Amino acid sequence: MTEAESIQAALREFAQAIGGLQATVNTLTQQWRDQDAKASEGRRVLYEKIGGLVDDIRTLEGQVKAAISDIAFMKPIVDGVIEARQQVRGAVKAGRWIYWVASGGGGAAVLWVASHFFSVTLK
């Protein structure tokens, strides 16, 4: 093999190496483009989901504010009902006590109190 043939052989090997390298670079570049496109699509979907979540949170915030307003409006009414229940319980207890005193357990005591503090006269 002559010197010119060995140079030609070396140049062919060099050209093949450069061709293989070029193919590898082209493949990697295409993979990066595909991955970038998929990542962009994923980010777009994620942003849409986050936007939907923000809208849901704002709706929930409005509902909570409305509920707080309703509760604040109802609180005096509920407090009044609780107070009325306590008054009814007290009246029931007093009625039982008065019934017991008047029906025998303390009938004599009631008559004694009535006779000492009230005077009944005829006109």
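Our subject in this report is the structure included herewith. All of these numbers come straight from a predicted model, not from anything done at the bench. (Residues numbered from 1 in each chain as written. Predicted model: local features only at pLDDT ≥ 70, side-chain atom pairs only at ≥ 80, totals over all residues. Heavy atoms only, no water.)

A few words now on the overall build of the protein. Looking only at helices and strands, the protein has two helices and zero strands in total. Counting only residues that meet the buried cut, the protein has 3% of its 123 residues in that class. When the accessible surface of the protein is totalled, it reaches about 11,200 Å², and 65% of it is carbon and sulfur. (Helix = DSSP H or I, 4+ residues; strand = E, 2+ residues; numbered from the N terminus. Buried < 20%, exposed > 50% of the residue type's maximum accessible area, 1.4 Å probe, protein only. Areas by Shrake-Rupley, 256 points an atom, 1.4 Å probe, with all protein chains shown as cover.)

Counted by the stated rule, this structure contains four salt bridges. A salt bridge links R44 to E48, with the nearest nitrogen and oxygen atoms 2.5 Å apart. One end of the pair is R44 and the other is E48, both in helix α1 (residues 3-105) and four residues apart, which spans about a single turn. For E61, the salt bridge goes to K65, with nearest N and O atoms at 3.8 Å. With E61 and K65 both in helix α1 and four residues apart, this pair spans about one turn of that helix. Exposure remark for K65: the relative accessible area of 54% places this residue in the exposed category. Within this structure, E41, R44 and E48 form a network of salt bridges that share partners. (Salt bridge = Lys/Arg side-chain N within 4 Å of Asp/Glu carboxyl O.)

It is worth spelling out a nonpolar patch on the surface at this point. A cluster of nonpolar side chains, contributed by I71, F73, M74, I77, V78, V81 and I82, occupies part of the molecular surface with about 670 Å² of accessible area. By the element assignment, V81 lies in helix α1. When its relative accessible area of 40% is taken as the criterion, V81 is described as partly exposed. (Patch = residues over 30% accessible without salt bridge, like charges linked within 9 Å, V, L, I, M, F, W, Y side chains within 5 Å.)

Attention shifts here to a positive patch on the surface. Where like charges cluster on the molecular surface, the positive patch consists of R85, R89, K93 and R96. In this structure, K93 sits in helix α1. What makes K93 exposed here is its relative accessible area of 61%. (Lys, Arg positive; Asp, Glu negative; His and termini not counted. Charge placed at Lys NZ, Arg CZ, Asp CG, Glu CD.)

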